[in-house]
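Spelled out, the chains give:
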Amino acid sequence: MAGPLMPAAGNIRFGCHSYTWHMSGEKYRGRIDHLAAVAADAEFTGLEPEHFMLGEAYSDPRKVQQALVEHGLELAALAYVADWLHAEETAEERAETDQCVAFLQNFPGSKFVLVPVPLSAHEPPDLVTRQSNALTCINAVAGRAREAGVVVTVHPNSSPDSAFRTADDYEVLFSGLDPGVGFTPDSGHMAAGGMDPLQTIKRYRERVDHVHFKDIHEDGTWAPTGEGRLDFPGVVSYLAETDYQGWIIFEDESDSAERDPDTATRGNGTYARDVLSPILAGTRR
């Protein structure tokens, strides 16, 4: 196995997301050792799992910590996805987010990434109501997390019925979030929502505290990293210039990643090492 990917300059670190494996269904759920081994082999230094993907290990943070330490990784963040369709959190939503916060207290510095996506089988309310309800619930989670010493950051999604997917939706989102809540821009979702990722990051730079990278083709389908139309070097250059200090997490959702998430993750690591790390070091290869 190659040594860990360590940028020669700056404070930007590269990690990978469990969603690349999530697309395979239950096959990789609970297999934190496997995810960590592949992430390390790809020369990443961090992992961001969804709480769902941790399986039974989620109830025992010591098992997760052991797997990460064994492979030289950090827990970059923990992702939680919910619909938040109601004016208050449901009992299940509150219980799950509180468990996530308790879990993250064992990993100081790791972010709590909230992803608002309508998942319920019933018809969701109109967009304005949905946005208002999601903001109320997210701010409530963030307030409890803050009291526990955990930082919350929000990751908008571009699925057709998401509450926050266009530039106008982002205006609503950031005018309604409490000041202490961060922003996790996802390059692919911003592009799918009709936005320019770099310009959107520039607009909300003060909120940006965590970053997701995935690529997209001109026809709107997900692409393997570096094979689509997105300017990742431009984003990395801007983040470095503005003293961004945090993680860039690769989340490949292409068809090839669904078929073979391990190979896709290694390819993402190669791209980060060969294309992006030299930018941080002040050189291009």
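Details of the structure are given in the entry above.
Predicted model, so just to flag it, every value in this text is computed and none were measured.

What follows is about the pattern of salt bridges. Taken as a whole, this structure holds 14 salt bridges when the rule is applied. Here Glu74 ties to Arg13 by a salt bridge, and the two come within 3.1 Å at their closest N and O atoms. Of this pair, Glu74 sits in strand S3 (residues 74-75) while Arg13 sits in strand S1 (residues 11-17), placing them 61 residues apart in sequence. The partner of Arg29 in a salt bridge is Glu26, with the nearest N and O atoms 3.7 Å apart. Overall, the relative accessible area of 36% leaves Arg29 in the partly exposed class. Since its relative accessible area comes to 52%, Glu26 is described here as exposed. Through salt bridges with shared partners, a single ionic network connects Glu89, Arg94, Asp98 and Arg144.

Another point: the packing of aromatic side chains. Applying the stated criterion to the full structure yields 13 aromatic pairs. Note on Phe183 and Tyr204: the rings are 6.1 Å apart at their centroids and 85 degrees apart in plane angle, and the pair reads as edge-to-face. Pair noted here: Phe183 is in strand S7 (residues 182-183) and Tyr204 is in the loop between helix H8 (197-203) and strand S8 (211-213), with a separation of 21 residues, a long-range link. This pair shows no difference in class: Phe183 is buried, exactly as Tyr204 is.

Here is what the cut-offs are and how they apply
- Residues numbered from 1 in each chain as written.
- Predicted model: local features only at pLDDT ≥ 70, side-chain atom pairs only at ≥ 80, totals over all residues.
- Heavy atoms only, no water.
- Salt bridge = Lys/Arg side-chain N within 4 Å of Asp/Glu carboxyl O.
- Helix = DSSP H or I, 4+ residues; strand = E, 2+ residues; numbered from the N terminus.
- Buried < 20%, exposed > 50% of the residue type's maximum accessible area, 1.4 Å probe, protein only.
- Phe/Tyr/Trp six-rings, centres within 6.5 Å; stacked < 30°, edge-to-face > 60°.

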